[in-house]
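# Results of the structural survey
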Amino acid sequence: QLQACGGGSVQAGGSLRLACAASGRTRSNYAISWFRQAPGEGREFVAAIRWSGGTTTYYADSVKGRFTISSDNARKTVSLQMNSLKPEDTAVYYCALSEGIITSQVRRGDSYPNWGQGTLVTVSS
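Residues numbered from 1 in each chain as written. Predicted model: local features only at pLDDT ≥ 70, side-chain atom pairs only at ≥ 80, totals over all residues. Heavy atoms only, no water.

## A word on the environment of leucine 16
Position of leucine 16 among the secondary structure elements: in strand S3 (residues 16-22). Given a relative accessible area of 15%, leucine 16 falls into the buried group. In sequence terms leucine 16 and valine 106 are 90 residues apart; their C-alpha atoms lie 23 Å from each other. (Helix = DSSP H or I, 4+ residues; strand = E, 2+ residues; numbered from the N terminus. Buried < 20%, exposed > 50% of the residue type's maximum accessible area, 1.4 Å probe, protein only.)

Put into structure tokens, the structure is as follows:
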């Protein structure tokens, strides 16, 4: 199970930190990712952290340099630090988990069978 929290309202240029807590056992090779869905839009990949031997992070071009994904040492809580927020970042943010995922699948929402509830992020101009 995944539990997401940390959404809220902020003015443009501000920061928010989202957290996603994973419960239950996972394999050594898995990824936890953040996706978002703006009103009237499709789901969009935001960022991911994948463990497969080492740790690899992935970012959408639209958030690179502004958002940072990280995890705790137990790899059970994944945070998304969002800085320099823009009105176009407004969306419901979802975390998702997939085991045995490979790099080419990381940015695809259909690669993730496990989803948390969404948390709303609103950025006003």
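From this point on, the discussion continues.
## Some details on unusual backbone geometry
Of note, the phi angle at serine 84 is positive, near 50°, even though the residue is not glycine. Here serine 84 lies in the loop between strand S8 (77-82) and strand S9 (91-99). Serine 84 sits in the partly exposed class, given a relative accessible area of 41%.

## Some points on the sheet that holds strand S1 (residues 2-5)
Strands sit in the order S1-S3-S8-S7 across an open sheet of four strands; the sheet is antiparallel. Single-partner strands in this sheet number two, and they are S1 and strand S7 (67-71). Mean inter-strand twist for the sheet, computed between neighbouring axes without regard to direction, equals 15°. With six bridges joining them, S3 and S8 adopt antiparallel strand pairing. Bridging across to S8, leucine 16 finds its partner in methionine 82. (Pairing = 2+ DSSP bridges. Axes fitted to C-alpha atoms, helices over the stretch in contact; angles between N-to-C directions.)

## Details of the pattern of salt bridges
With the rule as written, the count across this model stands at five salt bridges. Here glutamate 44 ties to arginine 36 by a salt bridge, and the two come within 2.8 Å at their closest N and O atoms. Given a relative accessible area of 5%, arginine 36 falls into the buried group. Salt-bridge contacts for arginine 36 lead to aspartate 89; the nearest nitrogen and oxygen are separated by 2.9 Å. With arginine 36 in strand S4 (residues 30-37) and aspartate 89 in the loop between S8 and S9, this pair connects stretches of sequence that are 53 residues apart. Per residue, the accessibility class of arginine 36 equals that of aspartate 89, and both read buried. (Salt bridge = Lys/Arg side-chain N within 4 Å of Asp/Glu carboxyl O.)

## Topic: the nonpolar core
Counting residues in each nonpolar core, the largest one holds 38 residues, and the members touching the most others are Trp34, Leu80, Met82 and Tyr93. Per element, the largest residue contribution to this core is six residues, and it comes from strand S5 (residues 43-52). Filtering out sequence-adjacent residues up to four positions away, methionine 82 remains in contact with Gly14, Ser15, Leu16, Leu18, Arg66, Phe67, Tyr93 and Val121. (Core = buried A, V, L, I, M, F, W, Y, C linked by side-chain atoms within 4.5 Å. Contact = heavy atoms within 4.5 Å.)

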